[in-house]
Amino acid sequence: MSIQLMTRLRVIDNSVTTIGDPIAKCVHVYKRKHARVGDYIKVAVGGKLHHAMVVTTKHSNAPSLVTPPKFDVNSCVLLNPKLEPLGTRIHGPIPSMLRKFGPRTAKICAIATKFL
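Residues numbered from 1 in each chain as written. Predicted model: local features only at pLDDT ≥ 70, side-chain atom pairs only at ≥ 80, totals over all residues. Heavy atoms only, no water.

1. Quick word on the sheet that holds strand S3 (residues 40-45)
Here is the rule: At least two DSSP bridges between two strands are required for those strands to pair. A run of DSSP states H or I qualifies as a helix once it reaches four residues; a run of E qualifies as a strand once it reaches two. Both are numbered from the N-terminal end. Note on geometry: axes are C-alpha line fits, over the in-contact stretch for helices, and angles between N-to-C directions span 0 to 180 degrees.
The strand order around the closed barrel built from five strands is S1-S2-S3-S4-S5, with neighbouring strands paired in mixed fashion. Across the sheet, the mean angle separating the axes of adjacent strands is 55° when strand polarity is ignored. Judged from the two bridges that link them, strand S1 (residues 8-11) and strand S5 (residues 75-79) form a sheet pairing that is parallel. Looking at the pairing, Arg10 lines up with Ser75 of S5.

If you want it as structure tokens, here you go:
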């Protein structure tokens, strides 16, 4: 499947410079057992808990109508408690299907520079 408990993810925004550790570990998945692209999760980064949104996965399990690209790593963007991005830039590509999720991903898409 995609992202489940204890899955390691790479943080791809520039908030890593203040936190220090680019690897996050999933400690909670909201609303289902496995998280897909665009889902909210809770991660532990450097001993602290943060909200995050999954932006890329190694395995795509989206509906058959929209097939997102497969990536080499699982990655996420860290969010504050108001679910706004902590960083100001995203390093690396994100799938263009995030634009279709509407206002909950608008700020993440605004700070991204590469789409696939």
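2. Focus on the confidence of the model for the protein chain
Inclusion rule: Per residue, pLDDT captures the predictor's confidence, and it can take any value from 0 to 100.
Per-residue confidence for the protein chain gives a mean pLDDT of 86; residues scoring 70 or more make up 89%. When the elements of the protein chain are averaged for pLDDT, helix H1 (residues 16-19) gives the smallest value, 69, and strand S2 (residues 23-29) the largest, 95.

3. Notes on the side chain of His50
Rule in force here: Relative accessibility under 20% of the residue-type maximum defines a buried residue, over 50% an exposed one, and the middle range a partly exposed one, all with a 1.4 Å probe and only protein chains included. The contact rule is simple, with two residues in contact once any of their heavy atoms fall within 4.5 Å.
Note on placement: His50 falls in strand S4 (residues 48-56). Its relative accessible area of 16% is what places His50 among the buried residues. Setting aside anything within four residues of it in sequence, one finds His50 in contact with Ile19, Ile41, Lys42, Val43, Val45, Leu78 and Leu86.

4. A closer look at the packing of aromatic side chains
Worth spelling out the cut-off: What counts as a ring pair is set by centres within 6.5 Å for rings of Phe, Tyr and Trp (its six-membered ring), and what kind of pair is set by the plane angle: stacked under 30 degrees, edge-to-face over 60, tilted for all other angles. As a reminder, the over-ring test applies to NZ of lysine and CZ of arginine, requiring each to be within 6 Å of the ring centre and within 35 degrees of the ring normal.
Scanning the entire structure with this criterion turns up zero aromatic pairs. The ring of Phe115 carries Arg99 above its face, with NZ or CZ at 3.8 Å from the centroid. The ring of Phe101 carries Arg104 above its face, with NZ or CZ at 5.1 Å from the centroid.

5. Concerning the pattern of salt bridges
As a reminder of what qualifies: Should a side-chain nitrogen of Lys or Arg be within 4 Å of a carboxyl oxygen of Asp or Glu, the pair is scored as a salt bridge.
Evaluated as defined, the whole model comprises two salt bridges. Across the pair Asp39 and Arg32 runs a salt bridge whose closest N-O atoms are separated by 2.6 Å. Looking at Arg32, the relative accessible area reads 40%, which means it is partly exposed. Salt-bridge contacts for Glu84 lead to Lys107; the nearest nitrogen and oxygen are separated by 3.2 Å. Here Glu84, found in the loop between S5 and helix H2 (106-111), pairs with Lys107, found in helix H2; they are 23 residues apart in sequence, far enough to count as distant. Taking the relative accessible area as the measure of exposure, Glu84 reaches 29% and is therefore partly exposed.

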